[in-house]
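# Remarks on the overall topology
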Amino acid sequence: MNYPLVFKAAILTEIGKPLVIDNIEFKGPLLDGQILVKMKYSGICGKQTDEIDGKAPDAFIPHLLGHEGSAEVMDIGSKVTKTKKGDLVVLHWRKGSGIQSETPLYYRNRIRVNSGWVTTFNEYAVVSENRLTVIPQKSDPIVAALFGCVVTTGVGVILNEAKVESDDTVVIYGCGGIGLCAVQAANSKKPKKLIAIDVNEKALDMAKEFGATDIINPGKEDALKRVLEMTEGKGVSKVFVCVGIIKVLEEGVEMTSIPGECYIVGVPPKGAQMKVEAHAVMHERNIIGTLGGGTYPDEAIPEYFKLQNEGKLRLEKLVSYVGDFENINDAIEKMRGDVSGRCVVKF
Ligand SMILES: [Zn+2]
């Protein structure tokens, strides 16, 4: 590879403003554990819209964003053993095996553009060895992009953390990308009940298609009351709250049987407090936080790919929109408006 390399990136330069598409430069060479990849597809997730909107503080402006993508390896730094030139890889934010390298130095008009160990909103990216996983060449690169965050989170919390089984009763509260991955994963275990809850009818239709046995629209009826009616007042054994709204979380906890488990999957506002009945918690109505499904990418990504290839997951159906990278701001806008699925950009 010839350095310096100049390529297009979507840069966060100001909170609340569209990303700026402009050339940045990587002078090279690659350091120990760094890998240069050429992006194929990137997903857009809530973390990035929160960063752009200023909901998550960002001390790194100008900043490169994105943490789920698929890419081709173009060059490797010394000491890299996990991958070679030409490999198809998933880029992810969770740490896997391999070196954690220095973060790359990018410049725009000689001013440093900050970047973490992985970014996906740029034509090329210098990624840390522990933030990518090699996948078979024939894998669908659009679906592969989703394995960087939304799939490992939504599928991981069900199969890896909660270990849902056929004798469980399950509620998935919030059917955005993560919730719909969770519905698919839970359905692969055929629980006694798989109840999907969302205010968006389109999301509920998709949940139904992915195996939800019952759907509830809390905009039209009292979700808690309905779940309790459906379970003879007991609640369900495993609840997954995939929205970060405190009132919904409290409701999710109330739907959980005693004993039972309520998982906090969606991101609540920092500092927000929730009310729970302490007596119920003491009797093992457990409230469990989850970060990225608790998955280890080296194991989870091949395992979930296998489920996809066997038809137990149909993750390709989650892709609701594919746009060009140059129009990433439109895709981000779509992601804000339509949460029942995933918007992806193509490079
Ligand atoms: Zn994410």
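Residues numbered from 1 in each chain as written. Predicted model: local features only at pLDDT ≥ 70, side-chain atom pairs only at ≥ 80, totals over all residues. Heavy atoms only, no water.

### Some details on the packing of aromatic side chains
For the structure on display, the rule yields seven aromatic pairs. Taking 4.6 Å as the distance between ring centres and 25° as the angle between the ring planes, the aromatic pair formed by Phe325 and Phe347 counts as stacked. A residue pair is termed long-range when its members are at least 10 positions apart, and Phe325 in the loop between strand E17 (319–324) and helix H10 (328–337) and Phe347 in the segment after strand E18 (342–346) qualify at 22 residues. Through a chain of ring-to-ring contacts, the aromatic side chains of Tyr3, Phe7, Phe26, Tyr106 and Tyr124 assemble into a single cluster. (Phe/Tyr/Trp six-rings, centres within 6.5 Å; stacked < 30°, edge-to-face > 60°. Helix = DSSP H or I, 4+ residues; strand = E, 2+ residues; numbered from the N terminus.)

### Things to note about the coordination of the zinc ion
Reference geometry at the metal: tetrahedral coordination by four donors gives ideal angles of 109.5 degrees; octahedral coordination by six donors gives 90 or 180 degrees. Each protein donor to the zinc ion is listed here as Cys45 (SG), His67 (NE2) and Cys149 (SG); together their distances run 2.1 to 2.2 Å. Counting gaps between the donor residues of the zinc ion yields the pattern C-x21-H-x81-C. Separated by 22 residues along the polypeptide, Cys45 in the loop between strand E3 (34–43) and helix H1 (46–53) and His67 in the loop between strand E4 (63–64) and strand E5 (69–76) bring together distant segments of the chain. (Donors = N, O, S within 2.8 Å, 3.2 Å for Na, K, Ca; no water.)

### Re the state of the cysteines
Counted according to the given criterion, the structure contains zero disulfides. We note that Cys181 lacks a disulfide partner, and the nearest cysteine sulfur, in Cys149, lies 9.5 Å from it. Since its relative accessible area comes to 0%, Cys181 is described here as buried. The thiol sulfur of Cys262 is not disulfide-bonded, and the nearest other cysteine sulfur, from Cys242, lies at 10.0 Å. For Cys262, a relative accessible area of 0% gives the class buried. (Disulfide = S-S within 2.5 Å. Buried < 20%, exposed > 50% of the residue type's maximum accessible area, 1.4 Å probe, protein only.)

### Quick notes on the sheet that holds strand E7 (residues 106–108)
Within a beta sheet, neighbouring strands are joined by backbone hydrogen bonds and run either parallel or antiparallel to one another. Sheet architecture is open: five strands sit in the order E4-E1-E2-E7-E8, paired in antiparallel fashion. Looking at the sheet topology across the chains shown, the edges are occupied by E4 and strand E8 (111–113). Summarising the sheet, strand E2 (residues 20–26) and E7 pair through two bridges and their orientation is antiparallel. Directly across from Phe26, in E7, lies its bridge partner Tyr106. (Pairing = 2+ DSSP bridges.)

### Digging into the pairing of E3
Of all ten residues in E3, eight are buried; the element is thus mostly enclosed. Bridge analysis of E3 against strand E9 (residues 124–128) gives five bridges, and the strand direction is antiparallel. Across the sheet, the residue bridging to Ile35 is Val127, located in E9. In the sheet, E3 pairs with E5 via seven bridges, with the strands oriented antiparallel. When the bridges of E5 are listed, Leu36 appears paired with Asp75. Here three bridges tie E3 to E18, and the two strands are oriented antiparallel to one another.

### Re the environment of Val113
With respect to the element layout, Val113 can be found in strand E8. For Val113, a relative accessible area of 1% puts it in the buried group. For the pair Val113 and Ile11, spaced 102 residues apart in the sequence, the C-alpha separation amounts to 8.1 Å. Residues within four places of Val113 in sequence aside, it is in contact with Ile11, Ile24, Pro62, His63, Leu64, Tyr106, Tyr107 and Arg108. (Contact = heavy atoms within 4.5 Å.)

### Remarks on the domain arrangement of the protein chain
Domain annotation for the protein chain reports domain 1 (5–148 + 314–346) and domain 2 (152–291). A straight line from the C-alpha centre of domain 1 to that of domain 2 covers 30 Å. The interface is formed by twelve residues belonging to domain 1 together with 14 residues belonging to domain 2. Taking both sides of the interface into account, the surface hidden between domain 1 and domain 2 amounts to around 1200 Å²; carbon and sulfur atoms contribute 51%. Among the residues of domain 1 in contact with domain 2, Arg314, Leu318 and Ser340 are the three that bury the most area, contributing 43% of the side total. For Lys317, the salt bridge identified is with Glu209, shortest N-O distance 3.1 Å. (Domains from an automatic or database assignment. Buried area = accessible area lost by both parts, 1.4 Å probe. Salt bridge = Lys/Arg side-chain N within 4 Å of Asp/Glu carboxyl O.)

### Focus on the sheet that holds strand E16 (residues 285–289)
Read across the sheet, six strands follow the order E13-E12-E11-E14-E15-E16 without closing on themselves; strand pairing throughout is parallel. This sheet does not close on itself; its edge strands, each paired only once, are strand E13 (214–216) and E16. Going across the sheet, the axis of each strand differs from the next one's by a mean of 15°, ignoring polarity. Judged from the three bridges that link them, strand E12 (residues 193–197) and E13 form a sheet pairing that is parallel. The residue of E13 that forms the bridge with Ile195 is Asp214. Helix-sheet contacts for helix H7 (residues 246–254) involve strand E11 (169–173), strand E14 (236–241), strand E15 (256–264) and E16, and the interaxial angle to E15 is about 150°. (Axes fitted to C-alpha atoms, helices over the stretch in contact; angles between N-to-C directions.)

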